[in-house]
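Single-letter residue listing:
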Amino acid sequence: MAAAALFGLGLVGMRQPLQLSENQRLASSGRPDLAAVDAALQEREITLHQRREAEALLGQFIRGQMTRHYWGHFASSLIDLGLDSGSHLRARVISSPTGTELWLTPRRGGEAYAAAVRQKGPRVVRWQCRGPLPKKDLRLSLVQGCPAGWVEIEMPQP
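In this text, all values refer to a predicted model and were calculated from it rather than measured experimentally. (Residues numbered from 1 in each chain as written. Predicted model: local features only at pLDDT ≥ 70, side-chain atom pairs only at ≥ 80, totals over all residues. Heavy atoms only, no water.)

Draft legend 1. Focus on the packing of aromatic side chains. For the coordinates displayed, the defined rule picks out 1 aromatic pair. Plain terms: the ring middles of Trp 103 and Trp 150 are 5.9 Å apart, the flat faces sit at 75° to each other, and that makes the pair edge-to-face. Placement of Trp 103 in strand β2 (residues 99-106) and of Trp 150 in the loop between β4 (123-132) and β5 (151-152) is noted, with a sequence separation of 47 residues between them. The exposure class of Trp 103 is buried, given its relative accessible area of 8%. (Phe/Tyr/Trp six-rings, centres within 6.5 Å; stacked < 30°, edge-to-face > 60°. Helix = DSSP H or I, 4+ residues; strand = E, 2+ residues; numbered from the N terminus. Buried < 20%, exposed > 50% of the residue type's maximum accessible area, 1.4 Å probe, protein only.)

In structure tokens, the structure reads:
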């Protein structure tokens, strides 16, 4: 009985066209371009790895700056905080008496990262963001929060 049911399902499956997604159709229409698929997966993996590294560094930067502010002033560099951006990320710190920013640009990929710590009255506020790489001449601001089009990254609770 079960064999007859499976045989019937097999016949129905053979008579109806297989529904393929657009990517599957492209891959099945001739020879699939495995090199392109592999390159896309590798690029995604690199982006996710950079994102983890950047978000960890942003969190350390924020905690370090809040500690430094408690002692009287913001640090003007990653070295002052005992941090290093590594070889995959270029870092730029902008510091003033009222706040500090960290901008991270990857050496590869299209996603940038930023964090800010600001004195706002008696409180110190902070945020971290990620978004598309800005054009070379475009200067983004973190004064009021994340730049337009960027996503605020939630900070993990200690």
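Draft legend 2. Layout of the state of the cysteines. Within the structure shown, the criterion is met by 1 disulfide. Disulfide pairing is shown between Cys 129 and Cys 146; the S-S distance is 2.0 Å. One disulfide, between Cys 129 and Cys 146, carries an S-S torsion of -90° and so falls in the left-handed class. Taken together, the residues span a long stretch of sequence, with Cys 129 in strand β4 and Cys 146 in the loop between β4 and β5 at a distance of 17 residues. (Disulfide = S-S within 2.5 Å.)

Draft legend 3. Highlighting the layout of surface pockets. If you add up the space inside the largest pocket, you get close to 440 Å³. Every residue lining the largest pocket is counted, 19 residues in all, and those nearest its centre are Arg 92, Thr 105, Leu 133, Pro 134 and Arg 139. At the level of secondary structure, the elements contributing two or more residues to the lining of the largest pocket comprise β1 (89-96), β2 and β3 (111-120). The greatest single-element share of the lining of the largest pocket, amounting to 4 residues, is contributed by β2. Across the lining of the largest pocket, the residue classes break down as 10 nonpolar, 2 polar and 7 charged. (1 Å grid on protein atoms, 1.4 Å probe; cavity = no way out; pocket = protein on both sides within 12 Å on 5 of 7 lines; lining within 4 Å. Points joined across faces, edges and corners; volume = space filled by probe spheres on them. Nonpolar A, V, L, I, M, F, W, Y, C, P; charged D, E, K, R; others polar.)

Draft legend 4. How the structure looks around the pairing of β3. Taking burial as the measure, the 10 residues of β3 include 8 buried ones, the bulk of the element. Pairing of β2 with β3, which is carried by 6 bridges, proceeds in the antiparallel orientation. For Gly 99, the partnering residue across the bridge sits in β3 and is Arg 118. Linking β2 to β3, which pair antiparallel, is a turn of 4 residues; within it Gly 109 sits at a positive phi near 110°. Of the pairings in the sheet, the one linking β3 to β4 comprises 10 bridges and is antiparallel in character. Bridge pairing links Glu 111 to Pro 132 in β4. (Pairing = 2+ DSSP bridges.)

Structural measurements only, silent on function.
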